[in-house]
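Chains, contacts and geometry: an overview
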Number of protein chains: 2
Amino acid sequence: MSSRETIPVLEIFGPTIQGEGLVIGRKTMFVRTAGCDYSCHWCDSAFTWDGSAKNEIRHMHAEEILDELGKIGGSGWSHVTLSGGNPALLSSLALLIDNLHERGFSIALETQGSRWQEWLMEIDDLTLSPKPPSSGMKTDWIVLDKIIARRKEGDRNEGLSLKVVVMDEIDLTYAVQVHQRYPDVPFIIQAGNDDPTSTDPDKLAVKLLKQYACLVDRVMRSEELRNVRVLPQLHALLWGNRRGV
Amino acid sequence: MSSRETIPVLEIFGPTIQGEGLVIGRKTMFVRTAGCDYSCHWCDSAFTWDGSAKNEIRHMHAEEILDELGKIGGSGWSHVTLSGGNPALLSSLALLIDNLHERGFSIALETQGSRWQEWLMEIDDLTLSPKPPSSGMKTDWIVLDKIIARRKEGDRNEGLSLKVVVMDEIDLTYAVQVHQRYPDVPFIIQAGNDDPTSTDPDKLAVKLLKQYACLVDRVMRSEELRNVRVLPQLHALLWGNRRGV
Ligand code: SF4
Ligand code: SF4
């Protein structure tokens, strides 16, 4: 097999809980792929693209990943989260997705929605997370429109959600814009972690909860944001900025 | 109208977030009814049934509740949570549920599943929360079976979930039993709050997070609990034991 058919993997871990989004709290295994087409100012997974972990990248075949999931996770799980970086850069994920489904596992995937892949139609819990102004990135509305339209056409509306991280008032204006563009898609506003290097989990948790409380308060006062959810990142509250949990 | 058609209301507040369950984080208004057929040891809403707030109970008609929701909540919400106590004691909720739906609002309701009401078929987000051994209560499996069977027959499987609060290892065994009895119903294990009177929110949050971390760890090691979610109570993390938020 050519290396085009392998998947650049940085982490395989679990079972743990999904800390974010529509399936928050779900028992899941994680496969974290390397590489991102963005470089968000506050990226909490910068090691996937900034070169700092490039020696840890393993180019793995789908079967190898399946083996390792079994070895690490035992048999007490039924759900796998594909995370990044931006896993939607990788056409080679198609085979892994098929293999996981054949074994009866369901699959979550998060992407900023900047790249199309046919296999996006197969994801059970697809979170599109376009990045707000504070990230320093620009949203590709054409690709985002396409993904959402294709899921709708293919009757895969269920399991689709939009999630916007909000750090400040400008980000909140952006969140309103996203929600109004796609009013039928379940919409999640996520409290950001502006301190992705803090090493004291208790202090970080108290700080993140205060920021989350402010965001909740702000969204509760909005007339435009009605049919929405406001969520924290549970893994950051539980384990701070540790990797691999 | 006779008083049988009124609803005993203890609190109307919001918008705030739903702190628990399948629609965790959802922007919602709350209507808390008085009265419960249980008396759980660790009840965090004991004022709804222990007599301590009996002078605050208002016997309200559906239209009065709708008026007050509008006055308190403005227009920036589209979801109402009916909470208790056990709201399933009240046949008089039928009219309120109809009126809310007519206005386009969706409705969440939580009950321990000890009483049947026809209007349980109308609830959009129905959480059945049978109580574990640590509560001191006994589960009425016959009624619980009936509610779940009726929702399935009526094609209202969607929006149904089971939630079990877990305080200790015996409760976890009970959770496994519930999950195995209804394997197709989305299943949530919720970290309990064994300190419903603490008044220091930061300290309580750190303590609740540690208990939640232990529960997550325990469920992650279980082979039986695969297709499950483990969630905290967000409102307790945010606001401690305060009422009306
Ligand atoms: S899109 Fe995600 S992984 Fe990529 S830089 Fe932004 S936050 Fe990091
Ligand atoms: S069923 Fe709910 S409201 Fe009733 S006593 Fe138990 S915890 Fe409290």
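Bear in mind that the values here come from a model prediction, so they are computed numbers and not experimental data. (Residues numbered from 1 in each chain as written. Chains lettered and ligands numbered in written order. Predicted model: local features only at pLDDT ≥ 70, side-chain atom pairs only at ≥ 80, totals over all residues. Heavy atoms only, no water.)

A closer look at the site of ligand 2
Our working rule: The nearness test applies per residue and asks whether one of its heavy atoms lies within 4 Å of the molecule or strand. Residues are grouped as follows: nonpolar covers Ala, Val, Leu, Ile, Met, Phe, Trp, Tyr, Cys and Pro; charged covers Asp, Glu, Lys and Arg; every other residue, Gly included, is treated as polar.
Surveying the vicinity of ligand 2 reveals the residues Cys36(B), Tyr38(B), Ser39(B), Cys40(B), Cys43(B), Trp49(B), Gly85(B), Gln112(B) and Lys131(B). Tallied by class, residues from the shell around ligand 2 come to five nonpolar, three polar and one charged.

Here we look at the side chain of Gln190(A)
All names here are of chain A. This is how it is decided: Segments assigned H or I by DSSP are reported as helices when at least four residues long, segments assigned E as strands when at least two residues long, and all are numbered from the N terminus. Pairs of N or O atoms within 3.5 Å make up the polar contacts considered here, provided that, within protein, one atom can donate a hydrogen while the other can accept it, and that residues adjacent in sequence are counted only when both atoms are side-chain atoms. In what follows, residue pairs with any heavy atoms lying within 4.5 Å of each other are defined as contacts.
Inspection of the secondary structure puts Gln 190 in strand β8 (residues 187-191). Within the local environment of Gln 190, its side chain forms a polar contact with the side chain of Lys 163, the two groups lying 3.3 Å apart. Those residues in contact with Gln 190 that lie beyond four places of it in its chain are Glu 20, Gly 21, Lys 163, Val 164, Val 165, Val 166, Leu 215, Leu 231 and Gln 233.

Considering the pattern of salt bridges
Put simply, the rule is: Think of a salt bridge as a Lys or Arg side-chain nitrogen and an Asp or Glu carboxyl oxygen that are within 4 Å of each other. Residue burial is assigned from relative accessible area. The probe radius is 1.4 Å, only protein chains are included, and a residue is buried under 20% of its type maximum, exposed over 50%, and partly exposed in between.
All chains considered together, the criterion is met by 25 salt bridges over all chains. Between Arg32(A) and Glu11(A) there is a salt bridge, with the nearest N and O atoms lying 2.8 Å from each other. Of this pair, Arg32(A) sits in strand β2 (residues 27-33) while Glu11(A) sits in strand β1 (residues 7-17), and the two are 21 residues apart along the sequence. In terms of burial, Arg32(A) and Glu11(A) fall into one category: buried. Residue Asp124(B) is joined to Arg156(B) by a salt bridge in which the shortest nitrogen-to-oxygen separation is 4.0 Å. Linking Asp124(B) in the loop between β5 (106-111) and β6 (125-128) with Arg156(B) in the loop between α3 (141-153) and β7 (160-166), this pair joins segments that are 32 residues apart in sequence. Asp124(B) sits in the partly exposed class, given a relative accessible area of 24%. In this structure, a network of salt bridges that share partners links the residues Glu20(A), Glu110(A) and Lys163(A).

Side note on the packing of aromatic side chains
Residue and element names in this part refer to chain B. Using the following cut-off: For this analysis, a ring pair means two rings from Phe, Tyr or Trp (six-membered ring only for Trp) whose centres lie within 6.5 Å, classed as stacked if their planes differ by under 30 degrees, edge-to-face if by over 60, and tilted for the remaining angles.
Here the structure, examined in full by the defined rule, presents six aromatic pairs over all chains. Ring geometry for Trp 141 versus Tyr 174: centroids 6.0 Å apart, planes at 45°, classification tilted. Taken as a pair, Trp 141 in helix α3 and Tyr 174 in helix α4 (residues 169-181) lie far apart in primary sequence, 33 residues in all.

Some remarks on the relation of the copies chain A and chain B
Our working rule: Here the copies are superposed with least squares, the fitted atoms being C-alpha atoms of residues at a pLDDT of at least 70 in both.
Mapping chain A onto chain B leaves a residual RMSD of 0.0 Å; the transformation is a rotation of 180° accompanied by 0.0 Å of translation along its axis. The superposition of one copy onto the other is thereby described by a two-fold rotation axis. Ranked by how close their C-alpha atoms come to the rotation axis, the residues of chain A are headed by Val206(A), at 3.7 Å. Same-surface contact between copies: 100% of interface residues of chain A are shared with the interface of chain B.

What about the UniProt feature "binding site: S-adenosyl-L-methionine" (unreviewed entry) in chain A?
All names here are of chain A. Our working definition: UniProt positions are given in the numbering used here, feature names are shortened, and annotations may be inferred rather than shown by experiment.
Taking the numbering used here, the UniProt-annotated feature "binding site: S-adenosyl-L-methionine" (unreviewed entry) corresponds to Trp 42, Cys 43, Asp 44, Gly 85, Ser 129, Pro 130 and Lys 131. The topology assignment puts Ser 129 in the loop between β6 (125-128) and α3 (141-153). Under the relative-accessibility criterion, Ser 129 is labelled buried at 1%. Every residue in contact with Ser 129, bar those within four places of it in the chain, is listed here: Glu 110, Thr 111, Gln 112 and Lys 163. Along the chain, the position of Pro 130 falls in the loop between β6 and α3. The buried category is assigned to Pro 130, whose relative accessible area is 1%.

Comments concerning the sheet that holds strand β4 (residues 79-83) of chain A
This is how the line gets drawn: If DSSP finds at least two bridges between two strands, the strands pair. Comment: axis = line fitted to C-alpha atoms, over the contacting stretch for helices; angle = value between 0 and 180 degrees taken between N-to-C directions.
With mixed pairing, the nine strands of this open sheet are ordered in space as β3-β1-β2-β4-β5-β6-β7-β8-β9 (chain A). Two strands lie at the open edges of the sheet, namely β3 (58-60) and β9 (228-231) of chain A, each paired on one side alone. Ignoring strand direction, the axes of neighbouring strands in this sheet form an average angle of 30°. Where helix α1 (residues 62-73) of chain A meets the sheet, its contacts fall on β1, β2, β3 and β4 of chain A, and the angle it forms with β1(A) comes to roughly 25°. Lying on the sheet, helix α5 (residues 201-220) of chain B is in contact with β1 and β2 of chain A; it crosses β1(A) at an angle near 105°.

Overview of the environment of Tyr38(A)
Residue and element names in this part refer to chain A. Among the structural elements, Tyr 38 can be located in the loop between β2 and β3. In this structure Tyr 38 comes out as buried when scored by relative accessible area, which is 12%. Note: C-alpha distance between Tyr 38 and Gly 136 (98 residues apart in sequence) is 9.2 Å. Excluding its chain neighbours within four sequence positions, the residues that come into contact with Tyr 38 are Trp 49, Gln 112, Ser 114, Lys 131, Met 137, Lys 138, Thr 139 and Asp 140. Among the polar contacts listed, one links the side chain of Tyr 38 to the backbone oxygen of Lys 138, at a separation of 3.1 Å.

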